[in-house]
Amino acid sequence: MGHGGVLLDCFCVLLGCAVITSALLYPQESETREVKPLDGVWKFRLSPADKPDQGFDEEWYNNELKEWINMPVPSSFNDITVHANVRDYVGWVWYQRDFFVPKRWQQDNIGVYLRFGSVHYTAIVYVNGHLVTEHYGGHLPFQGEVTNLLNYGVSNRVSVAVNNTLTTHTIPQGSVLHTNDTDMYPKGYILNTYTFDFFNYAGIHRPVVLYTVPQSYIDDITVQTDVKGETGIIKYEVSHNTVGNDVNESDHCKVLLISGSKILLENIGCSGELRITSAKLWWPVYMHVSPGHRYKLQVFLVSQDGNYLDIYSLYVGIRKLDWKNGGLKLNHKAVYLRGFGKHEDSNIRGKGLDFPLIVRDYNLIEWVGANSFRTSHYPYAEEILEMADMLGIMVIDESPAVNLEHKRVMEELVQRDKNRACVIMWSLSNEARTLRQQAGPYYSELVNYTKSLDDSRPITFVTNQGYNVDNALPAFTWTEDFQVDLMKRHFKAFDILRKEDYFIGEMIWNFADFATRQDYTRVVGNHKGMFTRERQPKESAYALRARFELLAEEEIKKVSKL
């Protein structure tokens, strides 16, 4: 069997092993770095259903695609065209575009990386016909070095093979049926089923960029913050890749802490501690008059002769989480979560990154009086979390993974979001089958592993209970009246539980209606949202707003007394 149909575990045998590189620092421009976006309209082609390996057999990555159509990047490919075979396609699709690389990059003797914010779900990347990297599972960034694969001063070509087939070995999981009944299905048609309750959107979902780094460059930065009295503490560690004797090991990093345009502190060394007296802390909305405050941590890689080899800036919110003694506290104050489970989902673009939608959603979060959300059921785009950091919105960061790949995905997730003040918990999974006997040892090992990656945040996972277990239900389910009545009954229970330290918040399912697979259990999607898919409020949104405004007023009164 080839690449098509079912994804094989032996990709390296089939393709030759590329170096798989997880993306570390988010690409940014500085005095030493450049970023070239590759978003736009790409060429796109489906592999024939009866010849799923045709693109590999004919080496489409070595030539210009034929019989292609236009496809925007970033976006899901499913809802862009008017063709059902594109919307429902399962298997290999191909993306391709040409791009120009300046001659100067070669003359400056710099390194060049090609980075994808997220591709669903399996991606194999080629530049000028050469294999660059491959990545399994969506929702998280990956990259590969292309320095020696580029043609400088002329046109280049990137080709990406993407597969959305879900099997028992993919993230998330699914099952595959190869249909043999040609009376009911076209030749080669694949049925791909899955149990999760949202549509299996696929494609290049987040930004694609080329970015440069100097020969000796800052590879990663890790920060942890603490609060003692009125003193804010930032512990930092910088890793770097260096060439030759460019760097003096005794003083190869300089770190500045900046507020606005003012330098507050300076430190020498690639690891250290910064203490800020009378620090401005990172607070969530409604807990402080100035939520979301962050300092600029500017890191310099310094050569022996004092020249700056690389410069990278990281914005850091100083806050302290405490959950050891019951409840959840942030900066020594009790936190009560008011929020949602959400989805990356919208008309036309599916799960593709959409800045207007991001800003609209945060405006609705503010309008309803919420202070948090969960990234159900997968990590959201870095750009979404960046705005949460800025606005003071707390985030429960959720993994999409199960089974063998769970540890790897948690490692990639923690690596990506470890420095974000807004991320207050790691969620290991959604509605897992925790009643099974093997769940105990499985999750115990996973919790311990995640703690080894980051012990500064609590760890959680999501369970559910069938609606028929609860006998407080009105007679007519699934109407807006039912939704409001059900919410109010929950609110009464929550008000009783709020007196207990362990009860730390309420997150409703779901923020907005979203697309699901076509099935008799879902008529034109899932309609449990407080807002429509077009982000218009329902009756339940107004009820939730009234609830959250009362809770916010309580929080504001506490702040005013401080």
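Computed from a prediction, not measured in an experiment: that's the story for all the values here. What you see as residue numbers is a count from 1 along each chain, following the sequence as written. Per-residue local features are limited, in this predicted model, to residues with pLDDT of at least 70; the limit for side-chain atom pairs, both in listing and counting, is 80 or more; totals at the level of whole chains, interfaces and linings are taken over all residues. To obtain the side-chain values, all non-hydrogen atoms of the structure were used and water was disregarded.

Okay, the overall build of the protein next. Put simply, DSSP H or I for four residues or longer makes a helix, DSSP E for two residues or longer makes a strand, and each gets a number counted from the N terminus. For the protein, the helix and strand inventory stands at 10 helices and 31 strands. Radius of gyration here is computed from C-alpha atoms only, and the compact-globule reference equals 2.2 Å multiplied by the residue count raised to the power 0.38. Its C-alpha atoms give the protein a radius of gyration of 25 Å, near enough to 24 Å, the size a compact globule of 562 residues would have. In terms of principal-axis extent, the alpha carbons of the protein reach across some 75 × 70 × 45 Å. In what follows, a contact means two residues having at least one pair of non-hydrogen atoms within 4.5 Å. Restricting the contact set of the protein to residue pairs at least 6 apart, pairs at least 24 apart contribute 71%. Just so you have it, the protein exposes about 26,000 Å², and 51% of that area is on carbon and sulfur atoms. Just so you know, the count uses Lys and Arg for positive and Asp and Glu for negative, and it drops His and the chain ends. Think of each charge as sitting on NZ of Lys, CZ of Arg, CG of Asp or CD of Glu. Taking the 58 positively charged and 69 negatively charged side chains of the protein as two groups, their mean positions are separated by 5 Å. Method for areas: the Shrake-Rupley scheme with a 1.4 Å probe, in which residue coverage is limited to the protein chains shown.

For the rest of this paragraph, the subject is the nonpolar core. Within soluble globular proteins, side chains that are nonpolar tend to cluster in buried spots. Residues belong to one nonpolar core when they are buried, are Ala, Val, Leu, Ile, Met, Phe, Trp, Tyr or Cys, and are joined through side-chain atoms within 4.5 Å. Buried means the residue's accessible area, taken with a 1.4 Å probe over protein chains only, is under 20% of the maximum for its type, while exposed means over 50%, and partly exposed covers the values in between. Of all hydrophobic cores here, the largest spans 95 residues; its most connected members are Ile221, Leu297, Phe340 and Leu544. Look past the residues within four positions of isoleucine 221 in its chain and what remains in contact with it is Leu25, Glu237, Val238, Val299, Tyr312, Leu314, Lys418 and Asn419. Core analysis: the next-biggest nonpolar cluster, separate from the first, contains 34 residues, Val73, Ile110, Ala202 and Leu210 among them.

Looking at the assigned domains, one finds that the protein contains domain 1 (34-213), domain 2 (216-316) and domain 3 (335-560). Distance from the C-alpha centre of domain 2 to the C-alpha centre of domain 3: 32 Å. Contacts between the two partners involve 16 residues from domain 2, matched on the other side by 26 residues from domain 3. Simply put, the buried area is the total loss of 1.4 Å probe accessible area from both parts when two parts are fitted together. Together domain 2 and domain 3 conceal approximately 1,600 Å² of surface at their shared face, both sides included; 54% is due to carbon and sulfur atoms. A per-residue breakdown of the area domain 2 buries against domain 3 is headed by Trp282, Tyr286 and Arg294, which together make up 44% of the total. Think of a salt bridge as a Lys or Arg side-chain nitrogen and an Asp or Glu carboxyl oxygen that are within 4 Å of each other. Counting across the domain 2 and domain 3 interface gives three salt bridges. As annotated, the domain borders come from an automatic or database domain assignment.

Let's shift gears to the packing of helix 7 (residues 406-417) against helix 8 (residues 439-453). An axis is simply a line fitted to the C-alpha atoms; with a helix, the fit covers only the stretch in contact. Between two such axes, the angle follows the N-to-C directions and lies from 0 to 180 degrees. One can describe the packing of helix 7 onto helix 8 by two numbers: an axis separation of 10 Å at closest approach and a directional angle of 25 degrees. Put simply, helix 7 runs roughly parallel to helix 8. Handedness of the helix 7/helix 8 crossing: right-handed. Residue-level inspection shows His406, Lys407, Met410, Glu411 and Val414 of helix 7 in contact with helix 8, the latter providing Tyr442, Tyr443, Glu445, Leu446, Tyr449, Thr450 and Leu453. Roughly parallel refers to an angle under 35 degrees, roughly antiparallel to one over 145, roughly perpendicular to one between 65 and 115, and oblique to any angle outside these ranges. In this scheme, a crossing is called left-handed if the near helix is turned counterclockwise away from the far one by less than a right angle; it is called right-handed if the turn is clockwise.

We now examine the sheet that holds strand 24 (residues 329-330). Being paired, for any two strands, means DSSP has found at least two bridges between them. Ordered by their spatial adjacency, three strands build an open sheet running 23-24-25, and the pairing between neighbours is antiparallel. If you trace the sheet from one side to the other, it starts and ends with strand 23 (321-322) and strand 25 (333-334), each paired once.

Right, let's talk about the sheet that holds strand 21 (residues 295-302) for a bit. Strand order in the open sheet made by the four strands is 19-18-21-22, with antiparallel pairing throughout. The open sheet has two free edges, formed respectively by strand 19 (262-268) and strand 22 (308-316), since each of these has just one partner strand. Between one strand axis and the next, the sheet turns by 20 degrees as a mean value, whatever way the strands run. As judged from the eight bridges shared by strand 21 and strand 22, these two strands associate in the antiparallel manner. When the sheet's bridge partners are listed, leucine 297 is paired in strand 22 with leucine 314.

Our focus in this paragraph is helix 8. Expected helix span is computed as 1.5 Å times (number of residues minus one). Relative to the 21 Å expected for 15 residues at 1.5 Å per residue, helix 8 spans 21 Å between its end C-alpha atoms, a close match to the ideal helical length. Taken as a whole, helix 8 has its buried residues at Ala439, Tyr443, Leu446 and Thr450. The buried residues of helix 8 occupy an angular sector of 60 degrees when projected down its axis, which confines them to one face. Opposite its buried face, helix 8 presents the exposed residues Pro441 and Ser452, each directed more than 90 degrees away. Against helix 7, strand 29 (423-430) and strand 30 (459-462) lie the buried residues of helix 8. The reported arc concerns the directions from the helix axis to the C-beta atoms and nothing else.

Our next topic: the packing of aromatic side chains. For Phe, Tyr and Trp, where Trp contributes only its six-membered ring, two rings pair if their centres lie within 6.5 Å, and the inter-plane angle classes them as stacked under 30 degrees, edge-to-face over 60, or tilted in between. One pass over the full model with this rule turns up 28 aromatic pairs. Arranged with centres 4.9 Å apart and planes meeting at 80 degrees, the rings of phenylalanine 56 and tryptophan 92 form a pair that is edge-to-face. In this pair, phenylalanine 56 is assigned in helix 2 (residues 54-57) and tryptophan 92 in strand 5 (residues 92-100), connecting sequence segments 36 residues apart. Here a set of aromatic residues connected by ring pairs shows up, and it is made of Phe56, Trp60, Tyr61, Trp92, Trp94 and Tyr126. For a lysine, the NZ atom is tested; for an arginine, the CZ atom; a charge sits over a ring if that atom is within 6 Å of the ring centre and within 35 degrees of the ring normal. Its guanidinium or amino end placed over the ring of tryptophan 323, lysine 324 lies 3.7 Å from that ring's centre, counting from NZ or CZ. The lysine or arginine in question, lysine 342, covers the ring of phenylalanine 511, its NZ or CZ lying 4.6 Å from the ring centre.

Turning our eyes to something else, we now look at the state of the cysteines. Disulfide: a pair of cysteine sulfur atoms within 2.5 Å of each other. Within the structure shown, the criterion is met by one disulfide. Across the disulfide from cysteine 253 sits cysteine 270; the S-S distance is 1.9 Å. Disulfide cysteine 253 to cysteine 270: torsion about the S-S bond roughly 70 degrees, handedness right-handed. Here cysteine 253, found in strand 18 (residues 253-259), pairs with cysteine 270, found in the loop between strand 19 and strand 20 (271-276); they are 17 residues apart in sequence, far enough to count as distant. With respect to class, cysteine 253 is no different from cysteine 270; both count as buried.

Before going further, it helps to examine helix 7. Compared with the 16 Å implied by 1.5 Å per residue over 12 residues, the 16 Å span of helix 7 between its first and last C-alpha is a close match. Taking burial as the measure, the 12 residues of helix 7 include nine buried ones, the bulk of the element. For helix 7, the elements touching its buried residues are strand 9 (130-136), strand 16 (217-228), helix 6 (382-391), strand 28 (394-398), strand 29 and helix 8.

By the definition in use, this model includes 32 salt bridges. Between glutamate 344 and arginine 206 there is a salt bridge; the shortest N-O distance is 2.8 Å. Here the residue glutamate 344 occupies a position in the loop between strand 26 (337-341) and helix 5 (355-368), and arginine 206 occupies one in the loop between strand 14 (203-204) and strand 15 (208-213), the gap between them amounting to 138 residues. By the burial criterion, glutamate 344 is buried, and arginine 206 matches it. One salt bridge in this structure joins arginine 408 and glutamate 412, with 2.6 Å as the shortest N-O distance. In this pair, arginine 408 and glutamate 412 both sit in helix 7, four residues apart, roughly one turn of the helix. Overall, glutamate 412 belongs to the buried group, its relative accessible area being 14%.

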